Amino acid sequence: MFEADIQANKEALTKEIKGKKVCVIGGAGSIGSNFIKAVLRFEPQSVVVVDLNENGLAELVRDVRSTQGLMCRMSSVATPSTTIIP
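Residues numbered from 1 in each chain as written. Predicted model: local features only at pLDDT ≥ 70, side-chain atom pairs only at ≥ 80, totals over all residues. Heavy atoms only, no water.

Peer 1: Give me the lowdown on the overall build of the protein chain, citing residues and values where you can.
Peer 2: The helix and strand tally for the protein chain stands at four helices and four strands. Beginning at the N terminus, the succession of helices and strands in the protein chain can be written as α-α-β-α-β-α-β-β. Put simply, the protein chain has 86 residues, and 35% of those count as buried. In the protein chain, the proportion of contacts linking residues at least 24 apart, taken out of those at least 6 apart, comes to 61%. (Helix = DSSP H or I, 4+ residues; strand = E, 2+ residues; numbered from the N terminus. Buried < 20%, exposed > 50% of the residue type's maximum accessible area, 1.4 Å probe, protein only. Contact = heavy atoms within 4.5 Å.)

Peer 1: Account for the side chain of Asp-51, naming residues and giving values.
Peer 2: Along the chain, Asp-51 falls in the loop between β2 (46-50) and α4 (54-68). This buried residue, Asp-51, is left without a salt bridge; Arg-62 holds the nearest opposite charge, at 13 Å. One polar contact links the side chain of Asp-51 to the main-chain amide nitrogen of Gly-27, over a distance of 3.4 Å. Among the polar contacts made by the side chain of Asp-51, one reaches the main-chain amide nitrogen of Asn-53 at a distance of 2.8 Å. (Lys, Arg positive; Asp, Glu negative; His and termini not counted. Salt bridge = Lys/Arg side-chain N within 4 Å of Asp/Glu carboxyl O. Polar contact = N/O pair within 3.5 Å; in protein donor to acceptor, adjacent residues only side chain to side chain.)

Peer 1: How would you explain the nonpolar core if you had to name every residue and give the values?
Peer 2: Soluble globular proteins tend to bury their nonpolar side chains together. One finds Val-22, Ile-36, Val-47 and Val-49 to be the most contacted residues of the largest nonpolar core, which totals 15 residues. At the level of secondary structure, the elements contributing two or more residues to this core comprise β1 (21-25), α3 (30-40), β2 and α4. Tallying contributions element by element places α3 first for this core, with four residues. (Core = buried A, V, L, I, M, F, W, Y, C linked by side-chain atoms within 4.5 Å.)

Quick look at the structure:
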């Protein structure tokens with residue numbers, strides 16, 4: 001996902017993301033999940049993912065756990081959401 005742009009702006013992205021909470025709306029789809037994986041490299045405090053697709057969120061949690069080794073909590077209230085904690 002735009003790897004050249006990410007590398008060119010690595011310092012600015014680190015400053016804006018590291019240690020902060022990030023919320024991603026629609027994160028269970030292909031673009032959202034790739035965005036989340038890119039954001040995780042910059043060590044946010046947590047990432048909250050909101051999506052209507054509960055199955056997609058479950059798949060995202062499995063994918064992040066297996067590829068990133070991160071702790072994930074999945075909760076379903078009115079709108080399913082997932083919190084990813086580095």
